[in-house]
Amino acid sequence: MQGVELSLFYSSSSSTTLSKTLSLLSPIPIPKPPSLFSPIHLSLSLSLSKRSLPHHISRFSGTNQQQQQPPKQNQNQNQDEEESDGEDIDVAALEEEARNAAREYSTSLSRQLTIEDEPDVPIQRGRKQSKRKITTINIPDHLLPRVAIVGRPNVGKSALFNRLVGGNRAIVVDEPGVTRDRLYGRSFWGEYEFMVVDTGGVLNIAKSQVDVMEDLAITTTIGMDGIPLASREAAVAKMPSMIERQAKAAVEEASVIIFLVDGQAGLTAADEEIGDWLRKNYSNKYVILAVNKCESPRKGLMQASEFWSLGFSPLPISAVSGTGTGELLDLVCSGLKKIEGTENHDEEEEDYVPAIAIVGRPNVGKSSILNALVGEDRTIVSPISGTTRDAIDTEFTGPDGQKFRLIDTAGIRRRAAVASTGSITEALSVNRAFRAVRRSDVVALVIEAMACITEQDCRIAERIEREGKGCLIVVNKWDTIPNKNQQTATYYEQDVREKVRVLDWAPIVYSTAIAGHNVDKIIVAASTVEKERSRRLSTSILNQVVQESLAFKSPPRTRGGKRGRVYYCTQAAIRPPTFVFFVNDEKLFSETYRRYMEKQLRTNAGFAGTPIRLLWRSRRKMEKDEGRAARTPANLVPRDRKLELAS
């Protein structure tokens, strides 16, 4: 077998000389000379690795102690290598050390990639909820009953949403019009479990364009370059109806409606119109009138009494302090039907659902892609910059039946541009987008076809790679490219690869979200990326690929004559794939050679669409230290002990 393989690439004379040379460069026996990684040779090498690796591991275990002596002229410079070859290596200990190294690297990297945002500290809940955490009902989100929170802008709907679901899921800022899309969160109270839906402020009263822009904090200048003024004004005029449509969709699917008003501001005309709208159209649903911002129990009753005219029984609450939220949840559960489900005590047994975050600059079509994938107007699509504020999670089932969690995010602008506006809402929206990247598995980086790659796209790409997430590049609005031919996509891809070198492994998908062209290919590519990100190589194949790479290009020597040597390699983790190389000295491997090794792993083992991490660990001489410690009590007597014997 070996002779046949050698004859495919080299003559017998050259292969003999090369084999002698390779035996001096690596402590792992090389069964064949370096190859050019052809498909024929790769299949032969994988079959041969099953026989070569056990000998390689037995050599580490100390069963084969015969070492090949280097030439006399290289004896001094290879003394360290000879000593390390004579040591016994515990493969199980190396595997454990590799896992520890991967965890340490991941922890240190997470500390470096800090996100300046409010901490997601879960809000304290009542005793009933604390007890409820012991056993959870395994019910899918789409089967849980809905509880919608509606009201005019800036009454505290998002604050109440965060109180009910726990944590800081929705952005809460003291300005109107922050929430625009529907935001879902899972909550429970006692034996009941349900989905809470946060909605945008409803503006049913006809107002002027200036009043609408003020109530919804809309700007027609930031991020809308190149859009005609008429289109900007039309987008502003449509925004209230779009927000109202999202709120209406939440109300129609809800079993219980929480009509939230502001107790400090008092009864307004907008509250009366929303109350009439609920009574006329949704009299068959259970509506709870909650008067927010009633921190004082005594004043709360007086503040709530003003809202009896709306036709509902007012309940004073405080979303910030939690006053009255227990009574509110009791009323909510009284209007829900209890859903029976199988108890699941182990959360790890739940099926793994990959999350796909859709990120990019403003107005590149992120929300349009989400709506095209789910087949409905899940999020508001508008040319107004910053339309999406929160990170919107949506469940989605692919063509092959695999489930995904899609996360639509706000447009990420440059930090200097965000700081110049002074908008706290936009700063929090950008941070939520980065948090969505962190909690995702695959990131779809959306770019605009005509703009191609910008400096901000490169910065987002660097963040994705450092977070260790799988990635695919979505070139949206592909229909805007004029005079396309068969070579257009090829030239465009070359341009993208040159500008975003950090994501040269990411697949590229060309789509037009508004028309629905090639949107399904995004899910197909994301599914492939997730499978590659979760793939694990066997140790035999991995070490075979590493040894062929070493044989093809050995590590360079230092001025002192030392050369880096790889003793063992293992895959320590997945998501992303992490490989640990145990070497004689990690400082002997330059950054250029490390990139070469990563390229060889991708060429021979795949891992398209996912970053791979290569960790280099200097081999510890644990056996020598243990030997010295074992010889100390037998051969040496401590000085204090000698003095005791003399006395």
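Everything below is about the structure printed above this text.
Residues numbered from 1 in each chain as written. Predicted model: local features only at pLDDT ≥ 70, side-chain atom pairs only at ≥ 80, totals over all residues. Heavy atoms only, no water.

## Some details on the overall build of the protein
Helix and strand counts for the protein stand at 22 helices and 17 strands. Expressed as a percentage of its 647 residues, the buried residues of the protein come to 49%. For the protein, restricting intrachain contacts to residue pairs at least 6 apart in sequence, the fraction spanning at least 24 positions comes to 75%. Carbon and sulfur atoms provide 51% of the accessible area of the protein, an area that totals close to 31,700 Å². (Helix = DSSP H or I, 4+ residues; strand = E, 2+ residues; numbered from the N terminus. Buried < 20%, exposed > 50% of the residue type's maximum accessible area, 1.4 Å probe, protein only. Contact = heavy atoms within 4.5 Å. Areas by Shrake-Rupley, 256 points an atom, 1.4 Å probe, with all protein chains shown as cover.)

## What to know about the pattern of salt bridges
Applying the stated criterion across every chain, the model contains 20 salt bridges. One salt bridge in this structure joins R103 and E96, with 4.0 Å as the shortest N-O distance. Of the residues examined, E96 reaches a relative accessible area of 35% and is grouped as partly exposed. For R459, the salt bridge is made with E455, and the minimal N-O distance between the two is 2.9 Å. Taken as a pair, R459 and E455 lie in helix α16 (residues 455-467) at a separation of four residues, close to a single helical turn. (Salt bridge = Lys/Arg side-chain N within 4 Å of Asp/Glu carboxyl O.)

## A look at the pairing of strand β10 (residues 392-397)
Sheet faces and side chains relate simply in a regular strand, where the side chains alternate between the two faces. Across six bridges, the pairing between β10 and strand β11 (residues 403-408) is antiparallel. Directly across from I392, in β11, lies its bridge partner D408. Between the antiparallel neighbours β10 and β11 lie five residues, among them G401 with a positive phi of about 90 degrees. (Pairing = 2+ DSSP bridges.)

## Concerning the nonpolar core
V359, L445, V475, Y492 and L503 are the most contacted members of the largest nonpolar core, which has 33 residues in total. Contributing elements (two or more residues each) for this core: β9 (355-360), α15 (424-438), β12 (442-448), α16, β13 (470-476), α17 (488-499) and β14 (508-510). L164, I258, I317 and L329 belong to the second largest nonpolar core, which has 26 residues in total. (Core = buried A, V, L, I, M, F, W, Y, C linked by side-chain atoms within 4.5 Å.)

## Considering the environment of P576
Looking at the secondary structure, you find P576 in the loop between β15 (566-573) and β16 (578-583). Note on P576: relative accessible area 6%, which makes it buried. Considering only alpha carbons, one finds P576 and G470, 106 residues apart in sequence, at a separation of 7.6 Å. The residues contacting P576, other than those within four sequence positions of it, are G468, R533, T610, P611 and R613.

## Let's talk about the packing of aromatic side chains
The relative placement of two aromatic rings is captured by the distance of their centres and the angle of their planes. One pass over the structure, following the stated rule, counts ten aromatic pairs. Consider the rings of W277 and Y282, whose centres lie 5.6 Å apart with planes at 85 degrees: the pair is edge-to-face. Considered together, W277 and Y282 belong to a single accessibility category, that of buried residues. Between W478 and Y510 the ring centres are 4.5 Å apart and the planes differ by 45 degrees, which places this aromatic pair in the tilted class. One end of the pair, W478, is in the loop between β13 and α17; the other, Y510, is in strand β14, and 32 residues separate them in sequence. Among the aromatic residues, those joined into a cluster by ring pairs are F581, F589, Y593, Y596 and W616. Geometry around F434 places R463 over its ring, the cationic atom sitting 5.0 Å from the centre. The ring of Y596 is capped by K553, whose NZ or CZ atom sits 5.0 Å from the centre of that ring. (Phe/Tyr/Trp six-rings, centres within 6.5 Å; stacked < 30°, edge-to-face > 60°. Lys NZ or Arg CZ within 6 Å of the ring centre and 35° of its normal.)

## Observations regarding the pairing of strand β3 (residues 183-189)
Of all the seven residues making up β3, six are buried; the element is thus mostly covered by neighbouring parts of the structure. Pairing analysis gives seven bridges linking β3 to strand β4 (residues 192-198), with the strands arranged antiparallel. The residue of β4 that forms the bridge with R186 is M195. Count of turn residues in the β3/β4 antiparallel hairpin: two residues, of which G190 carries a positive phi of about 65 degrees.

## Things to note about the environment of V196
Mapped onto the elements of the fold, V196 is located in strand β4. Linking V196 and A148, residues 48 residues apart in sequence, is a C-alpha distance of 6.0 Å. The contact partners of V196, leaving out residues within four places of it in the chain, are V147, I149, F161, L164, V165, L183, Y184, G185 and S187.

## Some words on the packing of helix α19 (residues 539-552) against helix α20 (residues 591-605)
Any two packed helices are characterised by how steeply their axes cross, that is the angle between the axes, and by the distance between the axes. Direction vectors running N to C along α19 and α20 enclose 130 degrees, while the axes themselves pass 10 Å from each other. Viewed along their axes, α19 and α20 adopt a mutual orientation that is oblique. The crossing of α19 and α20 is right-handed. In contact with L542, V545, V546, S549, L550 and F552 of α19, α20 contributes Y593, Y596, M597, Q600, L601 and N604. The residue inventory of the contact of α19 with α20, partitioned by class, reads nine nonpolar, three polar and no charged. (Axes fitted to C-alpha atoms, helices over the stretch in contact; angles between N-to-C directions. Parallel < 35°, antiparallel > 145°, perpendicular 65-115°, else oblique. Left-handed = near helix turned anticlockwise from the far one by under 90°. Nonpolar A, V, L, I, M, F, W, Y, C, P; charged D, E, K, R; others polar.)

## Some words on the sheet that holds β11
Strand order in the open sheet formed by six strands is β10-β11-β9-β12-β13-β14, with mixed pairing between adjacent strands. The strands lining the two open edges of the sheet, one partner per strand, are β10 and β14. Strand-to-strand twist in this sheet, taken as the mean axis angle between neighbours without regard to direction, amounts to 25 degrees. Here β12 runs beside β13; their pairing, made up of seven bridges, is parallel.

## Describing α20
The end-to-end C-alpha separation of α20 is 21 Å, in line with the 21 Å expected for 15 residues at 1.5 Å each. Of all the positions in α20, only Y593, Y596, M597, Q600, L601, R602, N604 and A605 are classed as buried. Just past α20, the residue G606 takes up positive phi, approximately 95 degrees. (Expected span 1.5 Å × (residues − 1).)

## A short note on unusual backbone geometry
Across residues other than glycine, the phi torsion is negative in most instances, and most of the peptide bonds are trans. In this structure, P576 follows R575 across a cis peptide bond, with omega equal to 0 degrees. Not every positive phi belongs to a glycine, and N363 is a case in point at roughly 60 degrees. Along the polypeptide, N363 turns up in the loop between β9 and α13 (366-374). Positive phi, normally seen in glycine, also occurs at R575, with a value near 55 degrees. Note on R575: relative accessible area 34%, which makes it partly exposed.

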